[in-house]
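Structure assessment
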Amino acid sequence: MPAGKYKNMLTLTHFLILSFILFSIGVAGVLLRRNIIIVLMSLELIFNSVNISLAAFSYFMQSLSGTIFVIFNITIAAAEVAIGLAILVTVYRRRKTVYVDELDEMKG
Amino acid sequence: MEQIFFYIFAILAVASAIAVVAAKNPVHSAVYLIICFLQVAALFILLRAPFLAAAQVFIYVGAVMVLFLFAVLVLNVGKERLGEQIHHQSVIVIPAVILLLLMMGILVAKGRLTAPMGAFTEKALEKNTEVIGKMLFSKYLFPFEVVSVLLLIALIGAVALVMKEKGSQD
């Protein structure tokens, strides 16, 4: 953590560490949970952690390009969720399961 | 002062993120995810990006979470037993995630990214939303158009995937 003369200020490191922690929690959720809905929610957590670090760098570099990228990121996350949930509904209709380890037909 | 608010938002965000992964009921997970998204929106305000905070609340908390809750309703997945929610690869995954966390922590702590984030010095950057709008329609016009086409493709794709075939039962 930052020390010394930046003691009482908000620094870039704060936001990066928070972003890393959220990213790791999201990765753990994707890899650990069996329920595919929770896996998609964890993907959203990962998206959010990336957005935080982009916005933090945007503020740090005093440039709005990072902010623009976050906007594109949010749009693409919305598209991803729509497609992901559509696939999920189709899979559930056909297979009657939402557990990722039971959907192993393509396993070689 | 800013730091106190940062810690409040950060701790709430991390706690609700852990709750998303740990909750047994998918509806509870969705509610915790809403809390997490709201905290991230508050962090965007701390980062002097009010437009992003508004977009976060509208798109994530509004649209995405409603979609998730609809999916939970349609699929009718109930509460899971404890053994059911985690699959057997957890023996490998938990050490791997802890290792990832450690590696990132070392990289951040060793780096020289401790510079403070002062106020925006450029006058133009103070009017956040206006400047973003102008940039979107001038410098970033092509990506903007590409993203809008992508959204259209996602819309058509989602409808095509979910639509039932004519004459098929169930």
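Check the entry above for the structure.
For clarity, every value in this text was computed on a predicted model and none was experimentally measured.

Considering the interface of chain B and chain A
- Taken together, the 83 residues of chain B in the interface contact 76 residues of chain A.
- Both faces combined, the contact of chain B with chain A buries some 7,600 Å², and carbon together with sulfur accounts for 77% of it.
- The interface formed by chain B and chain A includes 0 salt bridges.
- Seen at the junction of chain B and chain A, the total is 9 residue pairs in polar contact (both at pLDDT 80 or more).
- Of all elements in the fold, only helix 1 (2-22), helix 2 (26-46), helix 3 (50-75), helix 4 (82-85), helix 5 (90-110), helix 6 (128-136) and helix 7 (141-162) of chain B reach the threshold of two or more residues within the side of chain B that touches chain A.

A word on the packing of aromatic side chains
- All chains considered together, the criterion is met by 6 aromatic pairs over all chains.
- Residues phenylalanine 15 of chain A and phenylalanine 6 of chain B carry aromatic rings whose centres are separated by 4.8 Å and whose planes lie at 65° to one another, so their mutual orientation is edge-to-face. Here phenylalanine 6 of chain B lies in helix 1 and phenylalanine 15 of chain A lies in helix 1 (residues 12-32), a pairing that spans two chains. Accessibility classification places phenylalanine 15 of chain A together with phenylalanine 6 of chain B in one group, the buried group.

Examining the nonpolar core
- Ranked by size, the top nonpolar core spans 67 residues in total, and within it Phe15, Leu18 and Ile37 of chain A together with Phe6, Leu43, Phe44 and Phe68 of chain B carry the most contacts.
- At 11 residues, the largest contribution of residues to this core is made by helix 3 of chain B.
- Apart from the residues lying within four places of it in its own chain, the contact partners of leucine 18 of chain A are Ile52 of chain A together with Phe6, Ala10, Val14 and Leu43 of chain B.
- Counting 6 residues, the second-largest nonpolar core is a separate cluster that includes Val27, Ala28 and Leu32 of chain A together with Val97 of chain B.

A look at the packing of helix 1 of chain A against helix 1 of chain B
- As a packed pair, helix 1 of chain A and helix 1 of chain B sit with axes 9 Å apart at the nearest point and diverge in direction by 5°. Between helix 1 of chain A and helix 1 of chain B, the angle falls in the class roughly parallel. For the pair formed by helix 1 of chain A and helix 1 of chain B, the contact residues are His14, Phe15, Leu18, Ile21, Leu22, Ile25 and Gly29 of chain A on the first element and Gln3, Phe6, Tyr7, Ala10, Ala13, Val14, Ala17, Ile18 and Val21 of chain B on the second.
- The residue makeup of the contact of helix 1 of chain A with helix 1 of chain B, split by class, is 13 nonpolar, 3 polar and no charged.

Side note on the environment of valine 14 of chain B
- Summarising the element assignment, valine 14 of chain B is placed in helix 1.
- By relative accessible area, which is 17% here, valine 14 of chain B ends up buried.
- Apart from residues lying up to four places away in sequence, valine 14 of chain B is in contact with Leu18, Ile21, Leu22 and Ile25 of chain A.

A short note on helix 1 of chain B
- Helix length check: helix 1 of chain B, at 21 residues, gives a terminal C-alpha distance of 30 Å against a target of 30 Å (1.5 Å per residue), a fit within 8%.
- Among all positions in helix 1 of chain B, only Gln3, Phe6, Phe9, Ala10, Ala13, Val14, Ser16, Ala17, Ala19, Val20 and Val21 of chain B are buried.

Let's talk about unusual backbone geometry
- Look at glutamine 62 of chain A: it is not a glycine, yet its phi comes out positive at around 55°.
- Take glutamine 62 of chain A: its relative accessible area is 18%, and that puts it in the buried class.
- Even without being glycine, arginine 48 of chain B reaches a positive phi, approximately 60°.
- Along the chain, arginine 48 of chain B turns up in the loop between helix 2 and helix 3.

Topic: the environment of leucine 136 of chain B
- Within the secondary structure, leucine 136 of chain B sits in helix 6.
- Look at leucine 136 of chain B and you get buried, because its relative accessible area is 9%.
- Leave out the neighbours within four places in its chain, and leucine 136 of chain B touches Ile68 and Phe72 of chain A together with Leu141 and Phe144 of chain B.

What counts and what doesn't
- Residues numbered from 1 in each chain as written.
- Chains lettered and ligands numbered in written order.
- Predicted model: local features only at pLDDT ≥ 70, side-chain atom pairs only at ≥ 80, totals over all residues.
- Heavy atoms only, no water.
- Contact = heavy atoms within 4.5 Å.
- Buried area = accessible area lost by both parts, 1.4 Å probe.
- Salt bridge = Lys/Arg side-chain N within 4 Å of Asp/Glu carboxyl O.
- Polar contact = N/O pair within 3.5 Å; in protein donor to acceptor, adjacent residues only side chain to side chain.
- Helix = DSSP H or I, 4+ residues; strand = E, 2+ residues; numbered from the N terminus.
- Phe/Tyr/Trp six-rings, centres within 6.5 Å; stacked < 30°, edge-to-face > 60°.
- Buried < 20%, exposed > 50% of the residue type's maximum accessible area, 1.4 Å probe, protein only.
- Core = buried A, V, L, I, M, F, W, Y, C linked by side-chain atoms within 4.5 Å.
- Axes fitted to C-alpha atoms, helices over the stretch in contact; angles between N-to-C directions.
- Parallel < 35°, antiparallel > 145°, perpendicular 65-115°, else oblique.
- Nonpolar A, V, L, I, M, F, W, Y, C, P; charged D, E, K, R; others polar.
- Expected span 1.5 Å × (residues − 1).

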